[in-house]
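# Structural characterization, general
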Amino acid sequence: MRLEADFIVTGAMLVDGTGAPARRADLAVSDGRIARIGTFDLPPDVPVIDGSGQVLAPGFIDSHTHDDGYLLAHPDMLPKVSQGITTVVTGNCGISLAPAVTAPVPQPLDLLGPAELFRFKTFGDWMDALRATPAAVNVIALVGHTTLRVAAMTDTGRAADEAERIAMRQLLDDALRAGAFGMSTGTFYPPAAAAPTDEIIDVGQPLRGVKGIYATHLRDESDQIVPAVEEALAIGRALDCRVVFSHHKLAGERNHGRSRETLDIITRAAANQPVCLDCHPYPATSTMLRLDRVRLASRTMVTWSKGYPEATGRDFADVMAELGLDDEATLARLAPAGAIYFLMSQDDVNRIFQHPLTMVGSDGLPFDPHPHPRQWGTFTRVLGSMVREQKLLTLEQAIHKMTGLAAEQYGLAQRGLLREGYQADLVLLDPERVTDAATFESPVQASRGIHAVWVNGQQVWDGQSTGAARPGQVLTRATA
């Protein structure tokens, strides 16, 4: 029977996303799906891509992003496709672009981009906008509990009352019906810090019937991390849903090494309830400028400042000396602002990455004038540094975390693996050369060694540029 194909990749080592050893094979794509894998005759009229010396893998799934607005403003998604990403999970840390938030947009929601992006009355309206103007990548959407609070409450500095909980619950139900995969929380941040555990459980009730995702930026990632982990696990049990520990970390030098403790708790919990975690490979994090983080970090770099734009890209300590102010007055002068905090141990990061339930998530803030390099280099840094240089993971293990594991945890059918009949989300890379170029000093730089990326069978990256294709799909629980 003659093979019908749009293109064929020949001679590559296939890393299929399961963690199994790489094998050499050809792969044919037809109508957006993988049509054939193995050894077969090449039709004379089908374009052939020589993959000799390269690795062909499933497209990477970025398990933790804040790309909600970036997808609309920059649909080519250059920072992501240039590192092999074909699917992004949005709405993390309790903040999503919808449902509607009235101006002024409070922190940390403003991390998602300018106020004009917050124009969607319902979560479904935002998803419809993504369908009408597709991006280059697929989207898995979460709705943020903080966004629900801001939409339903006039005073977020207290627990929600019964009427407000009902209103938030209805907004969550509407989002799930529109296709959201679940809800995220960010009780670390002021608009949600006053939300008690029972409020989250009350608001999250619609998750119970749909086996939804509960992703959480924990209430505390430093001294009180164990009670915070236990709270998240309790919420997951109460709502009968999967818990995703977002950007798992131990903040502050006095907590370095405690990943042994937290990972043991997560491992034991996983025997009785669905749970997983995501992480990026850097020992620094990034969010709004906060004094508690400044005092905990060994170094703080300002990523943006509306109060003192001259601080962008500079160390907080240098700005403080320049202004002749103490840290509290300097923060007030810069605010609102964002920052990168060097407050993690690389040993903890490495240990977390090696856990079998850890996925890869960039957690980038794409609208920051001086962003954390993770927005541009997370996945290629894992492949270059953790795999090739440090040998913390095999290539097959790392790609499994980026593909098959994430697809399994988020319930994606026919994605995340190289299988006949699966969607043709693919990345062709040079395993000896792939690396990140983005640095803390110069973060806006495309990765090297990613030769080609396809989303639903259409090429979105050729190693140099993105091209015009925008084949990304808005995935929903019903269609995933």
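Every value quoted in this text rests on a predicted model; they were computed, and no experiment measured them.

What counts and what doesn't
Residues numbered from 1 in each chain as written. Predicted model: local features only at pLDDT ≥ 70, side-chain atom pairs only at ≥ 80, totals over all residues. Heavy atoms only, no water. Phe/Tyr/Trp six-rings, centres within 6.5 Å; stacked < 30°, edge-to-face > 60°. Helix = DSSP H or I, 4+ residues; strand = E, 2+ residues; numbered from the N terminus. Buried < 20%, exposed > 50% of the residue type's maximum accessible area, 1.4 Å probe, protein only. Domains from an automatic or database assignment. Contact = heavy atoms within 4.5 Å. Buried area = accessible area lost by both parts, 1.4 Å probe. Core = buried A, V, L, I, M, F, W, Y, C linked by side-chain atoms within 4.5 Å. UniProt positions renumbered as here; feature names shortened; annotations may be inferred. Pairing = 2+ DSSP bridges. Salt bridge = Lys/Arg side-chain N within 4 Å of Asp/Glu carboxyl O.

### Some thoughts on the packing of aromatic side chains
Considering all chains together, one arrives at seven aromatic pairs under this definition. A centroid spacing of 5.1 Å and a plane angle of 20° characterise the contact between Phe7 and Trp454, whose relative ring orientation is stacked. Of this pair, Phe7 sits in strand S1 (residues 7-14) while Trp454 sits in strand S18 (residues 450-455), and the two are 447 residues apart along the sequence. The same class applies to Phe7 and to Trp454, which are both buried.

### Considerations on the domain arrangement of the protein chain
Assigned domains of the protein chain: these are domain 1 (58-283 + 344-412) and domain 2 (289-341). Each of domain 1 and domain 2 was reduced to a C-alpha centroid, and the two centroids are 25 Å apart. The interface is formed by 16 residues belonging to domain 1 together with 13 residues belonging to domain 2. Both faces considered, domain 1 and domain 2 share a buried interface measuring about 1100 Å² in area, 59% of it formed by carbon and sulfur atoms.

### Some points on the nonpolar core
Membership of the largest hydrophobic core comes to 112 residues, with the highest contact counts inside it found for Phe60, Trp126 and Phe245. When residues of this core are sorted by domain, at least three fall in each of domain 1 (58-283 + 344-412) and domain 2 (289-341). Other than its neighbours up to four places away in sequence, Phe245 contacts Thr216, Leu218, Val229, Ala232, Leu233, Ile266, Val275, Cys276, Leu277 and Asp278. One finds Val9, Ala12, Ala25 and Leu417 within the second-largest nonpolar core, a separate group that totals 18 residues.

### Concerning the UniProt feature "domain: Amidohydrolase" (unreviewed entry) in the protein chain
As recorded in UniProt, the sites labelled "domain: Amidohydrolase" (unreviewed entry) are residues 48-460. Note that residues 48-460 is 34% helix and 18% strand, and that its end C-alpha atoms are spaced 17 Å apart.

### Examining the pairing of strand S19 (residues 458-461)
By the bridge criterion, three bridges tie S18 to S19 in an arrangement that is antiparallel. Bridge pairing in S19 links Trp454 to Gln459. In sequence, S18 turns back onto S19 through a hairpin of two residues, with Asn456 there showing a positive phi of about 50°.

### What to know about helix H3 (residues 123-132)
Regarding H3, the residues found buried are Phe123, Gly124, Trp126, Met127, Ala129 and Leu130. Looking at the buried residues of H3, the elements they touch are helix H1 (70-73), strand S7 (85-90), strand S8 (138-144), helix H5 (162-178) and strand S20 (474-475).

### Some words on the pattern of salt bridges
Applying the stated criterion across every chain, the model contains 26 salt bridges. Among the salt bridges present, the one from Arg177 reaches Asp173, with a minimum N-O distance of 2.8 Å. One end of the pair is Arg177 and the other is Asp173, both in helix H5 and four residues apart, which spans about a single turn. On the basis of relative accessible area, Arg177 is assigned to the exposed category, the value being 66%. For Glu261, the salt bridge goes to Arg258, with nearest N and O atoms at 3.1 Å. Look at Glu261 and you get partly exposed, because its relative accessible area is 36%. Within the structure, one salt-bridge network assembled from shared partners comprises Asp62, Asp67 and Lys80.

### Here's the deal with the environment of Val46
On the secondary structure map, Val46 appears in the loop between strand S3 (33-38) and strand S4 (48-50). The class for Val46 is buried, based on a relative accessible area of 9%.

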